[in-house]
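# Residue-level structural notes
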Amino acid sequence: MNDYFSYLHDNAGTIGGLLRAHTYLSVVPVVLGLLIALPLGAIADTKRWLMTPLLATAGALYSLPSLALLLLLPIILGTQILDSVNLIIALTIYTVALLLRGVIDGLGSVPDHVKLAAVGLGYSPLRRLFAVDLPIAVPVVTAGVRVATVANVSLVSVGSIIGLNGLGELFTRGFQTNDYNMIVTGIVLSVLLAFTLDAIIVTAQRLLTPWARAAAGAGR
Amino acid sequence: MIGEAVGWPVVASSNYDIANKFRDYVTDPANWHGPDGVPTRIFEHLEYTVLAVAIASAIALPLGLLIGHTGRAAFVAINIGNAARAIPTMGLLVLAVTWRGLGLTPVLIALVALAIPPILTATYAGIQAVEPATVNAARGMGLNERQVLQLVEIPIALPLVLSGIRSATVQVVATATIAAYVALGGLGRLLIDGLSVRDYGKMTFGALLVALVAIGADVFFALIIRYCTSPGLTGRPTNRMSPIPDPAQPVGAASAA
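Residues numbered from 1 in each chain as written. Chains lettered and ligands numbered in written order. Predicted model: local features only at pLDDT ≥ 70, side-chain atom pairs only at ≥ 80, totals over all residues.

### Regarding the overall build of chain B
- For chain B, the helix and strand inventory stands at twelve helices and zero strands.
- Mapped from its N terminus to its C terminus, chain B presents α and β elements in the order α-α-α-α-α-α-α-α-α-α-α-α.
- For chain B, with 257 residues in total, the buried portion stands at 38%.
- The long-range share in chain B, meaning contacts at least 24 apart out of those at least 6 apart in sequence, stands at 70%. (Helix = DSSP H or I, 4+ residues; strand = E, 2+ residues; numbered from the N terminus. Buried ≥ 20, exposed ≤ 12 C-beta atoms within 10 Å, placed from the backbone. Contact = placed C-beta atoms within 7 Å.)

Written as structure tokens, this is what we have:
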């Protein structure tokens, strides 16, 4: 155990750098994915015929294996194979595929009388979307964001097979040098990162839906 | 180059190269035979997938049924299931290899750990979602707990349970590629070996095959779900079920039509 702590102490700088890179590579795709999935879902909510093809495409994209996508993207995009852009694009694709159903279900869960009330109050379609539909959809969308974030944290490690930065480097180097300390540190830090990001998302959801807390309080 | 003249990144020539290399790889008969051949790799990949999903189902299905039926320990089990999703498969794989040495066991440990959470969560959620009124009606008709589970809860939950196994399988197909990283076979070999010698034709073909196997598994389960869903849930007519006679029609008229 002492061994382990001296390992952590000696390598704190390197490990910190890998953790930062890992966080960046897991979070950016979630933000990009949300920015793409929200408008797509909103369009599908109004143009119903788009829903089936969009969801079918999302399903097909989600079944693309990550390692395969990581190797194919540079060929399609003409980027360098070690460019972290490939990983960000690959994870963004998964995030969009995962979030789209949540956004569509979430917007679909807004009761008709609520929509009509907003229209009756003179809300334009766009204002209704931002002020009424999206806030009501927050819990369903957040559920998708949580799954996507945790999945991304795990998937970033796969990038280390082709030499990308991140906590996965502790796995590849630990494997090559038979170093338990490195591998265990990598696993513990990725799980902690996933939990931390999850806690942040849950907190954000609480802040975004104050009425849910008010209702729970009234129920008690 | 036209690309240079208009300031586009010059990728056209390399893409052309890759198309050539892809064709070279696919048309070379040597790549289709023997222990390194493509058919062997596909078979190995399916072998890892089927083994991992079968072991994961053997663990997660009974557990999910038990938790869903009794409602006990649900909170603990679901949280452990979700926490397990956060464990990076890659890390678990190299840890298992460092612990057990190279071979099939560490790969299966990593893949089984990946497949358990979706199956467990879906099974639990499927059983949990069965209407309490339906379960009570079954009990009222004199079914014992085992029969309630077998004849009522499982058939109703089946589509959701199967969709859990479906997403577990697709994930395992995608992730089984990392078996090649620890010197095992499977389609990951084409990716990893291709990468190490920069054979983009081999890599592309490998990536394409994994994607096809994943989509194939997805479609396979979509069909299973369609045909295994109880007709009572979908309203799909079957031979076993005679059409409900219309009370307004005399019996003779209905059979004549």
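Still more to cover.
### Some words on the overall build of chain A
- A count of helical and extended segments in chain A gives ten helices and zero strands.
- Ordered by position from the N terminus, the helices and strands of chain A form the series α-α-α-α-α-α-α-α-α-α.
- Principal-axis analysis of the C-alpha atoms gives chain A an extent of 65 × 50 × 20 Å.
- When burial is assessed residue by residue, chain A has 40% of its 220 residues classed as buried.
- Nonlocal contacts in chain A, meaning residues at least 24 apart in sequence, comprise 72% of its contacts between residues at least 6 apart.

### Structural notes on the environment of Leu-70 of chain A
All names here are of chain A.
- Mapped onto the elements of the fold, Leu-70 is located in helix 4 (residues 66–77).
- The class of Leu-70 is buried, set by 24 C-beta atoms lying within 10 Å.
- For the pair Leu-70 and Val-158, spaced 88 residues apart in the sequence, the C-alpha separation amounts to 9.2 Å.
- For Leu-70, the residues in contact, after removing those within four places along its chain, are Asn-86, Leu-87, Ala-90, Gly-159 and Ile-162.

### Remarks on the confidence of the model for chain B
- Across chain B, pLDDT averages 82, with 85% of residues at or above 70.
- With pTM at 0.82, the complex prediction returns an ipTM value of 0.83. (pLDDT = per-residue confidence, 0-100.)

### A word on helix 5 (residues 89–100) of chain B
Residue and element names in this part refer to chain B.
- If you check helix 5, its first and last C-alpha atoms are 16 Å apart, about what twelve residues at 1.5 Å a residue would give, namely 16 Å.
- Burial of helix 5 is extensive: nine of the twelve residues sit out of reach of the surface.
- All buried positions along helix 5 are accounted for by Thr-89, Met-90, Gly-91, Leu-92, Leu-93, Val-94, Leu-95, Ala-96 and Val-97. (Expected span 1.5 Å × (residues − 1).)

### Focus: the interface of chain B and chain A
- Taken together, the contact between chain B and chain A spans 34 residues of the former and 32 residues of the latter.
- For the side of chain B that touches chain A, the secondary-structure elements that each account for two or more residues are helix 2 (12–27), helix 5, helix 8 (145–175), helix 9 (188–196) and helix 10 (200–228) of chain B.
- When the residues that make up the side of chain B that touches chain A are grouped by side-chain class, the tally is 25 nonpolar, seven polar and two charged. (Nonpolar A, V, L, I, M, F, W, Y, C, P; charged D, E, K, R; others polar.)

### Concerning the environment of Thr-209 of chain A
All names here are of chain A.
- Along the chain, Thr-209 falls in the loop between helix 9 (180–208) and helix 10 (210–219).
- On a C-alpha basis, the gap between Thr-209 and Arg-48 in space is 27 Å, while along the polypeptide they are 161 residues apart.
- When residues no more than four places from it in sequence are discounted, the contact partners of Thr-209 are Val-138 and Pro-139.

### Concerning the environment of Tyr-200 of chain B
- As for its placement among the helices and strands, Tyr-200 of chain B is situated in helix 10.
- Residues Tyr-200 of chain B and Pro-39 of chain B, spaced 161 residues apart in sequence, show a C-alpha to C-alpha distance of 19 Å.
- Those residues within four positions of Tyr-200 of chain B in sequence are excluded, and the remaining contacts are Ile-75 of chain A together with Ile-18, Lys-21 and Gly-194 of chain B.

### Let's talk about unusual backbone geometry
- Phi at Asn-178 of chain A is positive, roughly 60 degrees, even though this residue is not glycine.
- Mapping Asn-178 of chain A onto the fold places it in the loop between helix 8 (168–177) and helix 9.
- One non-glycine residue with positive phi stands out, namely Arg-198 of chain B, at about 55 degrees.
- Relative to the elements of secondary structure, Arg-198 of chain B occurs in the loop between helix 9 and helix 10.

### A few points about the packing of helix 3 (residues 38–70) of chain B against helix 6 (residues 104–128) of chain B
All names here are of chain B.
- At their nearest, the axes of helix 3 and helix 6 sit 7 Å apart, and the two run at 35 degrees to each other. Our pair here, helix 3 against helix 6, has a crossing hand that is right-handed.
- Looking at the contact of helix 3 with helix 6 residue by residue, the class counts come to 22 nonpolar, seven polar and no charged. (Axes fitted to C-alpha atoms, helices over the stretch in contact; angles between N-to-C directions. Left-handed = near helix turned anticlockwise from the far one by under 90°.)

### Looking at the packing of helix 8 of chain A against helix 9 of chain A
All names here are of chain A.
- Between helix 8 and helix 9, whose axes approach to 8 Å, the crossing angle comes to 160 degrees. On the basis of the axis angle, helix 8 is roughly antiparallel to helix 9. Handedness of the helix 8/helix 9 crossing: left-handed. In this structure, helix 8 contributes Leu-170, Phe-171, Arg-173 and Gly-174 to the contact, and helix 9 contributes Met-182, Ile-183, Thr-185 and Gly-186. (Parallel < 35°, antiparallel > 145°, perpendicular 65-115°, else oblique.)

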